[in-house]
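Letter by letter, the chains look like this.
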Amino acid sequence: MRRIQRKKLAILVGLLLLLLFRIIKFQSKTNFVHFEPWNCTNAAESERMLNAKCQSNDTKIILFYTPWFGDKPWPDLASPEHNLSLVNCPEKKCNITYNVYDIGKSDLVIFHAADMRRFVSRIELQQIQTYRCPSQRMAFLSLESPQSVPINSIDIPDGFFNWTITFKTDSDFHFPYGSYARLSSAENPPPLSDYAAGKSKLVMWAVSHCGTIRERYVKKLLNYINVDIYGNCSSIYEQNNQCSRSSYCEDIFKPYKFTLAFENGVCTDYITEKFWVALQRNSVPVVLARDYYSGDVVPPGSFISVQDFPSVKALAEYLLYLDKNDTAYNEYFSWKQKFVDEQKLRFRYAACDICEALHNECLEPKVYHNIFKTFWNEDVDCKGREQTLSELLDKE
């Protein structure tokens, strides 16, 4: 009798699990946005190319299809008016929307890469690719490196994206974390200040993303000099320096002469706020790469690269030398006599160029085929430099 009861119970549990599986499967098929085909009311591409003026005066619509790290509206564009006149774009008009069902009337649809896996289904992308108008553009936007946001596993139709908006300088629209500009008074530069004055500490590192190659470098560096480490990873180094992200840390960080601006990936053009905040704090950033920290991206002579030293020990010795030589240390701030840095982690800085391009009726069509091989590729953009850095560490 008990054996029969157990068998019935097992069958019942099996049926319940099967029912639950089918419910989940049904929800996975129905819990996504359903589109109906929309009308393409814009002029045909051939007619657009015949327009001698090339510039339209109508209002363009930009759809932010995904959230921004889970949030809508995007924090930088939270105005209820939802138009780009607020960012002082000259003449051209662009309105923005967050309603995905406005896709049929949108001229540009922007997808934030970090939110695609969570908020965009494969079926949605297939529908959009099927129904889209020839004049509609789809844009890939990312501020994270290919290593941090590996979305190549997402089934994106080939040729889906037309524009890229990223930190990479070869993007259609460059969206950097910061930049610098020439001072208007460069002809009569002010005297160089003593940036060593008042700095009693050597090196600091704020880090919360553990487990990357930069940790190996810091562990080697600690064999030669002191590095004060803040953030979630500090306990790995048996340190307990306190400064949470929610607190005001500037008074704690200002006394440091050097800041390890080590990114979580050594990827092409990936220069984040770590670098620009160090500049604003008048602390010399120490970075992991050299090639893409070029003079057209960052202020010349403003940083120290580990790539310029044959070993970790050599870098440590150089930092100790600068700590004792104020004249040499102050050379890393000579750029301030000609330039000023500008932290720019805001979409509105790229918005005007995007709006202008949408009004250019003669802009040549562009399609990204195999975007995760040709443009956004961890193997191409990151792993080679990481291997070079690993080989340097292996020599220690």
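Now for a description of the structure that goes with this document.

Now for the nonpolar core. Among the nonpolar cores identified, the biggest contains 109 residues, and Tyr65, Ile110, Phe111, Phe258, Phe275 and Ile304 are the most heavily contacted of them. With residues up to four places along the chain from it excluded, the contact list for Phe275 reads Ala261, Pro285, Val287, Tyr293, Val298, Pro299, Ser302 and Phe303. Among the nonpolar cores identified, the runner-up in size contains six residues, and Met204, Cys249, Phe253 and Tyr256 belong to it.

Contact geometry of helix H5 (residues 213-221) with helix H8 (residues 312-324) gives a least axis separation of 9 Å together with a crossing angle of 60°. Relative to H8, the element H5 lies oblique. Here the hand of the crossing between H5 and H8 comes out right-handed. Note on element contacts: H8 touches H5 through Val312, Leu315 and Ala316, opposite Tyr217, Lys220 and Leu221. For the contact of H5 with H8, the class distribution of residues is five nonpolar, no polar and one charged.

Here we take up the packing of aromatic side chains. Applying the stated criterion to the full structure yields 36 aromatic pairs. With a centroid separation of 4.3 Å and an interplanar angle of 20°, the aromatic rings of Tyr195 and Phe333 are classed as stacked. One end of the pair, Tyr195, is in the loop between strand E7 (178-182) and strand E8 (201-206); the other, Phe333, is in the loop between helix H9 (326-330) and strand E13 (339-343), with 138 residues separating them in the sequence. For the residue pair Tyr195 and Phe333, the accessibility class agrees, reading buried in each case. Residues Tyr230 and Phe253 carry aromatic rings whose centres are separated by 5.1 Å and whose planes lie at 70° to one another, so their mutual orientation is edge-to-face. With Tyr230 in strand E9 (residues 228-230) and Phe253 in helix H6 (residues 250-253), this residue pair connects regions lying 23 residues apart in the sequence. For the pair Tyr230 and Phe253, one class covers both residues: buried. Positioned above the aromatic ring of Phe160 is the side chain of Arg132, whose terminal nitrogen or guanidinium carbon lies 5.6 Å from the ring centre.

Here we come to helix H7 (residues 273-280). Restricting attention to buried positions, one finds in H7 the residues Phe275, Trp276, Ala278 and Leu279. Seen end-on, H7 carries its buried residues on one side only, within an arc spanning 155°. Phi turns positive, to about 60°, at Asn282, one or two residues after H7.

Below, the discussion takes up empty space enclosed by the protein. Going through the model one piece at a time under the given rule, you end up with three cavities of 30 Å³ or more. For the largest cavity, the calculated volume is near 80 Å³. Lining the largest cavity are Phe167, Thr169, His174, Pro176, Tyr177, Gly178, Asp269, Ile271, Trp276 and Val297. Counted by class, the lining of the largest cavity contains six nonpolar, three polar and one charged residues.

For Ser234, the position within the fold is in the loop between E9 and H6. A polar contact is formed between the side chain of Ser234 and the backbone oxygen of Gly231, at a distance of 2.9 Å. If we skip the residues at most four places from it in the chain, Ser234 touches Ile229 and Gln239.

Take the sheet that holds strand E11 (residues 284-287) next. Strands in a sheet are paired, the pairing made by backbone hydrogen bonds, and the direction either parallel or antiparallel. Spatial ordering of the open sheet is given by E9-E8-E10-E11-E12, a layout of five strands whose pairing is parallel. A strand with exactly one partner marks an edge of an open sheet, and here the two such strands are E9 and strand E12 (304-305). One ladder, built from two bridges, connects E11 with E12; its direction is parallel. Residue pairing in the sheet places Val286 in a bridge with Ile304 of E12. Its contacts with the sheet place H5 against E8, E9 and strand E10 (256-260), and it is angled at close to 155° to E8.

What follows concerns the pattern of salt bridges. Per the stated rule, a full pass over the model turns up twelve salt bridges. Where Asp381 meets Lys168, a salt bridge forms, and the shortest distance between an N and an O atom there is 3.1 Å. Taken as a pair, Asp381 in helix H12 (residues 378-394) and Lys168 in the loop between strand E5 (163-166) and strand E6 (173-174) lie far apart in primary sequence, 213 residues in all. With its nearest N and O atoms 3.2 Å apart, the salt bridge here joins Lys383 to Asp379. Residue Lys383 and its partner Asp379 are both found in helix H12; the two are separated by four residues, about one turn of the helix. In this structure, a network of salt bridges that share partners links the residues Asp58, Lys60 and Glu361.

Rules used throughout
- Residues numbered from 1 in each chain as written.
- Predicted model: local features only at pLDDT ≥ 70, side-chain atom pairs only at ≥ 80, totals over all residues.
- Heavy atoms only, no water.
- Core = buried A, V, L, I, M, F, W, Y, C linked by side-chain atoms within 4.5 Å.
- Buried < 20%, exposed > 50% of the residue type's maximum accessible area, 1.4 Å probe, protein only.
- Contact = heavy atoms within 4.5 Å.
- Axes fitted to C-alpha atoms, helices over the stretch in contact; angles between N-to-C directions.
- Helix = DSSP H or I, 4+ residues; strand = E, 2+ residues; numbered from the N terminus.
- Parallel < 35°, antiparallel > 145°, perpendicular 65-115°, else oblique.
- Left-handed = near helix turned anticlockwise from the far one by under 90°.
- Nonpolar A, V, L, I, M, F, W, Y, C, P; charged D, E, K, R; others polar.
- Phe/Tyr/Trp six-rings, centres within 6.5 Å; stacked < 30°, edge-to-face > 60°.
- Lys NZ or Arg CZ within 6 Å of the ring centre and 35° of its normal.
- Arc of directions from axis to C-beta.
- 1 Å grid on protein atoms, 1.4 Å probe; cavity = no way out; pocket = protein on both sides within 12 Å on 5 of 7 lines; lining within 4 Å.
- Points joined across faces, edges and corners; volume = space filled by probe spheres on them.
- Polar contact = N/O pair within 3.5 Å; in protein donor to acceptor, adjacent residues only side chain to side chain.
- Pairing = 2+ DSSP bridges.
- Salt bridge = Lys/Arg side-chain N within 4 Å of Asp/Glu carboxyl O.

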